[in-house]
Amino acid sequence: MGAASADAPKGLPHEGTLALASPAGRQLAAELRRVKQTSGLSFARLESRTHYSKASLERYVNGKLFPGRDAVEDIAQACGADPGPLLEFWDDALNVALKAAMETREATPPPAAETALDAESPIPADESTHRPHGPFRNRRNLVLLAGLGMVIALSAVVLAFPWSGHTAAPKPPTSGCRDYYVDIHAYTTGKVCWKSASATVNGYVENPGSAGKATAQLCVSNHPDVCSQIIDLASAAPGEGARYHRTVHLAAGHGVWVRACAKGLCTQWD
């Protein structure tokens, strides 16, 4: 969510966190701090030499947010340093993060239906001696077709009744916290924490340079596709950023989601 080149890799909030935690990610942050300190530039001066706000630069340099590759190169050049070694750390950190994320996905158990299909017995090699023939085989096929027809009919009946319309929306946990990151031509990132009757969201919206303001919004609902309430959290003009903090009341079964909007476009709710 066009800000990918100006910020953390597009669509990779989890990988960005993993990259920061890797040895190469920590080394990258340390080298960015060293380069800035050596240059003698303040964050305000560094902001005037790059396309990034002071808030973003502070998070990149102090290892709070994984920067985009372009951001690393721009910071190094603004400080009069060779970007090559820094970019090598960036590449190594992202590769470690992507590998870890892939291993996590591979280790996730498959859905129950998929597991059941995988557990079915294979067809014997000699089908001529093991598979039923004639009327027995046809009868089995008729039974399977009849069962499939019943499933389809029952599905149609369930979908026809209004009380089944919200079954796909999972109920949010009664309490907890989660990080979020969404970007489009601008981005917003932060953390939302909730209890049974309220949720608190803390974050930051940044507009690297889109035409018009960028806005972070909050959806309050029992399903993110149909918001019962949409709240503007904060807005940022081109080249600026803004922090926000908001606590909202939650009805039973409701949760909150965040999105970013810029140039007339909005991300999906995260």
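Residues numbered from 1 in each chain as written. Predicted model: local features only at pLDDT ≥ 70, side-chain atom pairs only at ≥ 80, totals over all residues. Heavy atoms only, no water.

## Regarding the pattern of salt bridges
The final tally for this structure, using the stated rule, is four salt bridges. Its salt-bridge partner being Lys-64, residue Glu-58 comes within 2.8 Å of it at the nearest N-O pair. Overall, Lys-64 belongs to the exposed group, its relative accessible area being 53%. Between Glu-206 and Arg-59 there is a salt bridge; the shortest N-O distance is 3.9 Å. Of the two residues, Glu-206 is situated in strand β3 (residues 198-207) and Arg-59 in helix α4 (residues 54-61); the sequence distance between them amounts to 147 residues. On the accessibility criterion, Glu-206 (2% relative accessible area) is buried. Judged by relative accessible area, which is 7%, Arg-59 ranks as buried. (Salt bridge = Lys/Arg side-chain N within 4 Å of Asp/Glu carboxyl O. Buried < 20%, exposed > 50% of the residue type's maximum accessible area, 1.4 Å probe, protein only. Helix = DSSP H or I, 4+ residues; strand = E, 2+ residues; numbered from the N terminus.)

## Observations concerning the side chain of Ser-53
Relative to the elements of secondary structure, Ser-53 occurs in the loop between α3 (43-49) and α4. A distance of 3.5 Å separates polar atoms of two side chains, one belonging to Ser-53 and the other to Tyr-204. Looking at Ser-53, its side chain comes within polar contact range of the side chain of Glu-206, at 3.1 Å. The residues touching Ser-53, leaving out its near neighbours within four places in the chain, are Glu-47, Tyr-204, Glu-206 and Gly-239. (Polar contact = N/O pair within 3.5 Å; in protein donor to acceptor, adjacent residues only side chain to side chain. Contact = heavy atoms within 4.5 Å.)

## Re the state of the cysteines
In total, this model carries three disulfides according to the counting rule given. The disulfide partner of Cys-177 is Cys-193, and the gap between their sulfur atoms is 2.0 Å. Note on the Cys-177 and Cys-193 pair: the S-S dihedral is about 115°, so by sign convention the disulfide is right-handed. Pair noted here: Cys-177 is in strand β1 (residues 176-183) and Cys-193 is in strand β2 (residues 187-194), with a separation of 16 residues, a long-range link. Linked covalently through their sulfurs, Cys-219 and Cys-227 form a disulfide whose S-S length is 2.0 Å. Between Cys-219 and Cys-227, the disulfide has an S-S torsion of -115° and is therefore left-handed. Cys-219 sits in the buried class, given a relative accessible area of 0%. Each bonded cysteine in the protein gets a number by its place in the sequence, and the pairs come out as 1-2, 3-4, 5-6. (Disulfide = S-S within 2.5 Å.)

## Some thoughts on the packing of aromatic side chains
Summed over the entire model, instances satisfying the criterion amount to two aromatic pairs. Relative to Trp-90, the ring of Phe-66 lies with its centre 5.6 Å away and its plane at 15°, an arrangement referred to as stacked. Taken together, the positions of Phe-66 in the loop between α4 and α5 (69-78) and Trp-90 in helix α6 (residues 83-107) put the pair 24 residues apart, joining distant regions of the chain. A cation sits over an aromatic face here: Lys-36 above Phe-43, 4.4 Å from the ring centre. Above the ring of Tyr-204, the side-chain terminus of Arg-59 is found at 4.5 Å from the ring centroid. (Phe/Tyr/Trp six-rings, centres within 6.5 Å; stacked < 30°, edge-to-face > 60°. Lys NZ or Arg CZ within 6 Å of the ring centre and 35° of its normal.)

## A word on the packing of helix α2 (residues 23-39) against α6
Where α2 contacts α6, the two axes come as close as 8 Å, and the packing angle between them is 155°. Classified by the angle their axes make, α2 and α6 are roughly antiparallel. For the pair α2 and α6, the crossing hand works out as left-handed. Only Leu-86, Phe-89, Trp-90, Asp-92 and Ala-93 of α6 make contact with α2, whose side of the interface consists of Ala-24, Gly-25, Gln-27, Leu-28, Glu-31, Leu-32 and Val-35. Partitioning the contact of α2 with α6 into residue classes produces eight nonpolar, two polar and two charged. (Axes fitted to C-alpha atoms, helices over the stretch in contact; angles between N-to-C directions. Parallel < 35°, antiparallel > 145°, perpendicular 65-115°, else oblique. Left-handed = near helix turned anticlockwise from the far one by under 90°. Nonpolar A, V, L, I, M, F, W, Y, C, P; charged D, E, K, R; others polar.)

## Overview of the environment of Leu-20
Along the chain, Leu-20 turns up in helix α1 (residues 13-21). Taking the C-alpha atoms as reference points, Leu-20 and Lys-64, separated by 44 residues in sequence, lie 7.9 Å from one another. Those residues in contact with Leu-20 that lie beyond four places of it in its chain are Gly-25, Arg-26, Gly-63, Lys-64, Leu-65 and Phe-66.

## Quick look at the confidence of the model for the protein
In this model, the protein carries an average pLDDT of 74, and 67% of its residues clear a pLDDT of 70 or more. Confidence, expressed as mean pLDDT per element, reaches its minimum in the protein at helix α8 (residues 127-130) with 44 and its maximum at α2 with 93. In this model residues 123-137 is a low-confidence stretch, pLDDT under 50, and it forms seven contacts with partners more than four residues away in sequence or in other chains. Across residues 160-170 the pLDDT falls below 50, and counting only partners more than four positions away or on other chains, this stretch makes four contacts in the model. (pLDDT = per-residue confidence, 0-100.)

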